[in-house]
Amino acid sequence: AFLCAVLGGFSADQAFAQNGIVQLDHVNGLGSGTTVLEVARCLRNRKLTVITNSLPVINTFAGAENINLICLGGMLRDSELSFIGHITERAVSEFRADKVIIGTRAINTEQGLTHGYLPETMTDRAIIDAGSKALAFDPSPSHAGHGYIVGHPEAKIVRLSEEHGVVMLPPDED
């Protein structure tokens, strides 16, 4: 299993080249959000299988000859143009992905992946459970920067793996 943080300062192309995140012929789960959409645009010419709940990601891959596209249905969340809810979660549970690339607004040190809308959080967690992971942080409208950790706005995520995260707190935080 592999988990890579794509944080501010690195383009998706740089991250893929440096970390080998996405490889040919792999099955890749892509969540929703603007960061994941940018990742999808970089993958359009690769030979891949993509599983997604994102309508913009679906549209990005529609008609691409090298992409085997699996679209997860469910309730359409208009504000995000993503499919969420029980139907989506059941559908994604039928698949396994070599890599999962997902965007999130925050990580809570006790509860993990968080978002302002519970049904989306639950769907994102189901997508994460589909396989190995790569994590991309979407900028939050309420918090500057990327990779916000609830309760520790100045903390920096310095290393992540599937099982562990290493966070560097500013000297004045204990």
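## Regarding the pattern of salt bridges
Argument step 1. Evaluated as defined, the whole model comprises two salt bridges.
Argument step 2. Of the charged contacts in the structure, one is a salt bridge between glutamate 38 and arginine 41, with a shortest N-O distance of 2.4 Å. Highlighted residues: glutamate 38 and arginine 41, both in helix H2 (residues 34-43), separated by three residues, approximately one helical turn.
Argument step 3. We classify arginine 41 as partly exposed; its relative accessible area is 47%.
Argument step 4. The partner of arginine 77 in a salt bridge is glutamate 120, and the shortest N-O contact between them spans 2.1 Å.

## Brief notes about helix H5 (residues 118-128)
Side chains three or four residues apart in an α-helix point the same way, a direct result of the helix having 3.6 residues per turn.
Argument step 1. Taken as a whole, H5 has its buried residues at Glu120, Thr121, Thr123, Asp124, Ala126, Ile127 and Ile128.
Argument step 2. Those residues of H5 that are buried are in contact with strand S5 (75-77), strand S6 (82-84), helix H4 (86-92), strand S7 (99-104) and strand S9 (112-114).

## Focus on the environment of alanine 40
Argument step 1. In this fold, alanine 40 is placed in helix H2.
Argument step 2. C-alpha of alanine 40 to C-alpha of isoleucine 58: the two residues are 18 residues apart in sequence and 9.1 Å apart in space.

## Considering the nonpolar core
Note that soluble globular proteins tend to have their nonpolar side chains buried in a common cluster.
Argument step 1. Membership of the largest hydrophobic core comes to 13 residues, with the highest contact counts inside it found for Leu30, Leu43, Val50, Val57, Phe61 and Ile67.
Argument step 2. At the level of secondary structure, the elements contributing two or more residues to this core comprise H2, strand S3 (48-52) and helix H3 (55-61).
Argument step 3. In terms of residue count, H2 provides more of this core than any other element does, five residues in total.
Argument step 4. Setting aside residues up to four positions removed in sequence, valine 50 forms contacts with Asn28, Leu30, Phe61, Ile67, Asn68, Leu69 and Ile70.
Argument step 5. Counting residues in hydrophobic clusters, the runner-up holds eleven residues, among them Ile51, Leu72, Ala97 and Ala126.

## Some remarks on the confidence of the model for the chain
Argument step 1. Across the chain, the average pLDDT comes to 74, with 61% of residues at 70 or higher.
Argument step 2. Averaged pLDDT values over the elements of the chain bottom out at 39 in strand S1 (residues 5-6) and peak at 97 in H3.
Argument step 3. Confidence drops under pLDDT 50 across residues 1-9; counting only partners more than four residues distant or on other chains, this segment forms 31 contacts.

Cut-offs and rules
- Residues numbered from 1 in each chain as written.
- Predicted model: local features only at pLDDT ≥ 70, side-chain atom pairs only at ≥ 80, totals over all residues.
- Heavy atoms only, no water.
- Salt bridge = Lys/Arg side-chain N within 4 Å of Asp/Glu carboxyl O.
- Helix = DSSP H or I, 4+ residues; strand = E, 2+ residues; numbered from the N terminus.
- Buried < 20%, exposed > 50% of the residue type's maximum accessible area, 1.4 Å probe, protein only.
- Contact = heavy atoms within 4.5 Å.
- Core = buried A, V, L, I, M, F, W, Y, C linked by side-chain atoms within 4.5 Å.
- pLDDT = per-residue confidence, 0-100.

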